[in-house]
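Listed below, chain by chain, are the residues.
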Amino acid sequence: MKYESAYFCGYAKLPSALPTTTTNSAMTLGLEIELETGRILDASITLLSNLALSMVRSYVVGKNIVQDFDSMTEEITYRHQGVAAKPLVKALGDIHRNYIEYMEKNGDYLRSV
């Protein structure tokens with residue numbers, strides 16, 4: 001594989017009730033994904049607290065963006081009991097779709113070393 005991983009971002013508009021909204025009108029979810037396998041290596045999110053980042057990492061790190069997408073969405077729905085849950089699912093969906101499109105377009109190139 002020419003490159004081992006890539007950074008994918010998903011975005012979603014935040015509800016005005018969140019403190020993060022005062023600095024950001026949208027939430028960004030960033031995932032480092034191992035290109036060959038689709039395994040999520042790390043995560044970042046533009047929510048304010050370290051606990052929020054820790055929770056988001058627990059939902060996604062070590063899981064597969066394609067094979068585990070439905071179970072990650074379910075876990076977020078049931079475990080993330082804040083107003084950012086729906087935007088988080090939307091951002092994860094963006095990354096899921098973007099990863100699949102990226103690999104369909106670039107997979108052969110990335111595998112040719």
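See the structure shown above.
Just so it is clear, the structure is predicted and the values come from calculations on it, not from any experiment.

1. Observations concerning the overall build of the chain
And step 1. When its secondary structure is counted, the chain shows three helices and three strands.
And step 2. What you see for the chain is a C-alpha radius of gyration of 14 Å, in line with the 13 Å of a compact globule of 113 residues.
And step 3. With the principal axes as the frame, the chain shows a C-alpha extent of 50 × 25 × 20 Å.
And step 4. Scored against the burial criterion, the 113 residues of the chain give a buried share of 40%.
And step 5. Of the contacts formed within the chain by residues at least 6 apart in sequence, a portion of 54% connects residues at least 24 apart.
And step 6. Accessible area of the chain: about 6500 Å², with a carbon and sulfur share of 52%.
And step 7. Between the centroid of the 11 positive side chains of the chain and the centroid of its 13 negative side chains there is a distance of 7 Å.

2. Quick word on the side chain of His80
And step 1. Counting through the fold element by element, His80 comes out in the loop between helix 2 (69-79) and helix 3 (85-111).
And step 2. In this view, His80 contacts Tyr59, Glu75, Ala85 and Leu88; residues no more than four positions away in its chain are not counted.

3. Topic: the pattern of salt bridges
A side chain of one charge can pair with a side chain of the opposite charge if their charged atoms are brought near each other.
And step 1. Within the structure shown, the criterion is met by seven salt bridges.
And step 2. Glu34 serves as the salt-bridge partner of Arg39, at 3.6 Å between the closest nitrogen and oxygen.
And step 3. Judged by its relative accessible area of 22%, Glu34 is partly exposed.
And step 4. Each of the salt bridges in this network shares a partner with another, and the network as a whole consists of Lys63, Glu75 and Arg79.

4. A short note on helix 2
And step 1. Those residues of helix 2 not exposed but buried are Phe69, Met72, Thr73, Glu75 and Ile76. Along helix 2, the residues classed as buried sweep out an arc of 160° about the axis, all on the same side. For helix 2, the exposed residues lying more than 90 degrees away from the buried face are Asp70, Glu74 and Tyr78.
And step 2. If you follow the buried residues of helix 2, they end up packed against strand 3 (40-45), helix 1 (50-60) and helix 3.

5. Points about the packing of helix 2 against helix 3
And step 1. Interaxial distance between helix 2 and helix 3 falls to 9 Å at its minimum, and their mutual angle equals 165°. Here helix 2 lies roughly antiparallel to helix 3, going by the angle between them. In terms of crossing hand, the pair formed by helix 2 and helix 3 is right-handed. Touching Phe69, Met72, Thr73, Ile76 and Thr77 of helix 2 are Ala85, Leu88, Val89, Leu92, Gly93 and His96, all from helix 3.
And step 2. In the contact of helix 2 with helix 3, the residues fall into seven nonpolar, four polar and no charged.

Conventions used here
Residues numbered from 1 in each chain as written. Predicted model: local features only at pLDDT ≥ 70, side-chain atom pairs only at ≥ 80, totals over all residues. Heavy atoms only, no water. Helix = DSSP H or I, 4+ residues; strand = E, 2+ residues; numbered from the N terminus. Rg over C-alpha atoms; globule rule 2.2 N^0.38 Å. Buried < 20%, exposed > 50% of the residue type's maximum accessible area, 1.4 Å probe, protein only. Contact = heavy atoms within 4.5 Å. Areas by Shrake-Rupley, 256 points an atom, 1.4 Å probe, with all protein chains shown as cover. Lys, Arg positive; Asp, Glu negative; His and termini not counted. Charge placed at Lys NZ, Arg CZ, Asp CG, Glu CD. Salt bridge = Lys/Arg side-chain N within 4 Å of Asp/Glu carboxyl O. Arc of directions from axis to C-beta. Axes fitted to C-alpha atoms, helices over the stretch in contact; angles between N-to-C directions. Parallel < 35°, antiparallel > 145°, perpendicular 65-115°, else oblique. Left-handed = near helix turned anticlockwise from the far one by under 90°. Nonpolar A, V, L, I, M, F, W, Y, C, P; charged D, E, K, R; others polar.

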